[in-house]
Amino acid sequence: MQDFIGLGVVGNFAKHLEQAGEAHSFINMKHIEKDAPKGLFPFYLPNDPSYLGRDCMDNEVMVLPDDLSLRAQAEPEIALECEITYNDKHLVESITPHYFMAFNDGSIRNFPAKRLSAKKNFSRASKGMGAKLPIDRFVYGGVCNDFSIASFLTREGQTHVYGENSKLVKYEYFYDKLMDWIVEMLNTQRDTGVLEDLQEILRAHNYPSKLLIAIGATPYMPFAQEHFLQQGDTITIIVYNHRRYSFDKILEMTASNTLLQASLADTSIIQQKVLLENIN
């Protein structure tokens with residue numbers, strides 16, 4: 001992660017912002033399209049002196065804040081590993097995705113923070129990332145057409161569906177539309193409301209060429225809406241080829257704790273044990 005900046009997309013799946021209690025933060029923002037994402041936030045900036053400089057990635061555990069009043073949820077989503085190119089005026093010219101993967105953009109819901117990013121990098125292990133899957137071409141008809149994302153929470157021996165099982169092409173913005181929008185945001189998003197000035201972030205970090213971008217969380221299923229994470233839970237997020245595997249089979253293997261042992265091809269998997277630990 002030392003070579004990457006980490007950014008997240010706000011509101012790229014219908015219903016998620018409302019379920020997460022974040023919709024009010026963007027009520028006054030005007031967008032051309034009703035369901036357009038709302039902006040980008042940083043969750044990791046290497047060597048940054050703030051909390052954003054903390055490497056928050058761990059694929060085996062998710063560490064909660066030790067303040068028991070803070071309520072955390074996993075955020076199952078897709079992340080893209082991308083290359084950034086700039087023009088001679090240091091404006092972003094293009095974003096090229098090379099890999100996609102499962103991602104957990106864990107978030108604190110009730111932390112009274114000025115910035116959305118302060119709810120994201122809250123411990124040494126607030127994030128998780130699955131194995132990288134190569135992208136042949138990031139356009140309709142490419143490899144991503146064949147993949148879905150599913151997520152589960154196992155508590156006290158019972159496995160519950162956590163996020164909505166969703167095809168990747170169900171994202172509001174995907175393929176060229178998403179890449180063009182990210183380029184626009186990197187060049188135009190200013191310090192406003194809960195979001196940061198992205199041109200300033202790029203400048204301060206010497207115009208990085210590598211970007212890990214989490215492109216938005218799936219809507220929550222009823223169990224996830226009604227239950228926040230607690231010590232002892234296990235979060236499982238899987239990106240899988242839905243032409244090879246059925247959702248029922250993925251659920252069955254998760255519930256029987258055989259998913260990781262199965263060594264499935266065409267999958268990217270995160271399985272994190274939820275822990276309570278002092279983050280200072």
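Residues numbered from 1 in each chain as written. Predicted model: local features only at pLDDT ≥ 70, side-chain atom pairs only at ≥ 80, totals over all residues. Heavy atoms only, no water.

### What to know about helix 2 (residues 175-188)
An ideal rise of 1.5 Å per residue puts 20 Å on 14 residues; helix 2 measures up with 20 Å between its terminal C-alpha atoms. Residues Tyr-175, Leu-178, Met-179, Trp-181, Ile-182, Val-183, Met-185, Leu-186 and Asn-187 constitute the buried set of helix 2. (Helix = DSSP H or I, 4+ residues; strand = E, 2+ residues; numbered from the N terminus. Expected span 1.5 Å × (residues − 1). Buried < 20%, exposed > 50% of the residue type's maximum accessible area, 1.4 Å probe, protein only.)

### Some words on the packing of aromatic side chains
All told, the structure shown has 12 aromatic pairs when counted by the stated rule. Where Tyr-140 meets Tyr-175, the ring centres are 6.5 Å apart and the plane angle is 90°; that geometry is what we call edge-to-face. With Tyr-140 in the loop between strand 9 (133-134) and strand 10 (147-155) and Tyr-175 in helix 2, this residue pair connects regions lying 35 residues apart in the sequence. For Tyr-140, a relative accessible area of 65% puts it in the exposed group. Through successive ring pairs, a cluster of aromatic residues spans Phe-13, Phe-138, Tyr-140, Tyr-171, Phe-174 and Tyr-175. The ring of Tyr-99 carries Lys-132 above its face, with NZ or CZ at 4.5 Å from the centroid. (Phe/Tyr/Trp six-rings, centres within 6.5 Å; stacked < 30°, edge-to-face > 60°. Lys NZ or Arg CZ within 6 Å of the ring centre and 35° of its normal.)

### Side note on the sheet that holds strand 11 (residues 158-167)
With mixed pairing, the five strands of this open sheet are ordered in space as 3-14-13-10-11. The open sheet terminates on both sides in strands that have one partner only, identified here as strand 3 (61-64) and strand 11. Sheet twist, expressed as the mean angle between neighbouring strand axes with direction ignored, is 20°. Sheet topology note: the strand 10/strand 11 ladder contains seven bridges and is antiparallel. Within strand 11, the position partnered with Leu-153 by the bridge is His-160. (Pairing = 2+ DSSP bridges. Axes fitted to C-alpha atoms, helices over the stretch in contact; angles between N-to-C directions.)

### Examining the confidence of the model for the protein chain
A residue-level look at the protein chain finds 91% of positions with pLDDT of 70 or above and a mean pLDDT of 91. Contacts of residues 23-27 to residues separated by more than four positions or lying in other chains number nine contacts, the stretch itself having pLDDT below 50. (pLDDT = per-residue confidence, 0-100. Contact = heavy atoms within 4.5 Å.)

### As for helix 5 (residues 247-255)
Along helix 5, the residues classified as buried are Ile-250, Met-253 and Thr-254. For helix 5, the angular spread of buried residues about the axis comes to 100°, placing them on one side. Where helix 5 is buried, its residues meet strand 10, strand 11 and strand 13 (234-241). Following helix 5 by one or two positions, Asn-257 adopts a phi angle in the positive range, close to 60°. (Arc of directions from axis to C-beta.)

### Quick notes on the state of the cysteines
Tallying each qualifying case throughout the model produces zero disulfides. Left unpaired, Cys-82 is separated from the closest cysteine sulfur, that of Cys-144, by 11 Å. On the accessibility criterion, Cys-144 (1% relative accessible area) is buried. (Disulfide = S-S within 2.5 Å.)

### A word on the pairing of strand 1 (residues 5-10)
Counting buried positions along strand 1 yields six of six residues, so the element is predominantly enclosed. Neither face of strand 1 is exposed, since Ile-5, Leu-7 and Val-9 on one face and Gly-6, Gly-8 and Val-10 on the opposite face are all buried. Bridging between strand 1 and strand 12 (residues 210-217) involves four bridges; their strand directions are parallel. Residue Ile-5 lies in a different strand from strand 12, and its bridge partner there is Leu-211.

### Remarks on the nonpolar core
In a soluble, globular protein the nonpolar side chains are often hidden away together inside. Counting residues in each nonpolar core, the largest one holds 58 residues, and the members touching the most others are Leu-40, Leu-80, Ile-95, Phe-100 and Ile-213. For this core, the element with the most residues is helix 2, which contributes eight residues. Val-10, Tyr-44, Val-194 and Ala-214 belong to the second largest nonpolar core, which has 15 residues in total. (Core = buried A, V, L, I, M, F, W, Y, C linked by side-chain atoms within 4.5 Å.)

### Things to note about the pairing of strand 12
For a regular strand, side chains alternate in direction, first toward one face of the sheet and then toward the other. Of all eight residues in strand 12, seven are buried; the element is thus mostly enclosed. Where strand 5 (residues 76-86) meets strand 12, six bridges bridge the pair, whose relative direction is antiparallel. Paired with Leu-80 across the bridge in strand 12 is Ile-213.

### Let's talk about the pattern of salt bridges
One pass over the full model with this rule turns up 13 salt bridges. We note a salt bridge from Glu-200 to Arg-203, for which the minimum N-O separation is 2.5 Å. With Glu-200 and Arg-203 both in helix 3 (residues 198-204) and three residues apart, this pair spans about one turn of that helix. Among the ionic contacts, a cluster of salt bridges with common partners joins Glu-75, Asp-105, Arg-109, Lys-120 and Lys-127. (Salt bridge = Lys/Arg side-chain N within 4 Å of Asp/Glu carboxyl O.)

### Structural notes on the environment of Tyr-140
When the C-alpha positions of Tyr-140 and Val-169 are compared, they lie 8.4 Å apart, and in sequence the two are 29 residues distant. Dropping the residues within four chain positions of it, Tyr-140 is found in contact with Asn-145 and Tyr-175.

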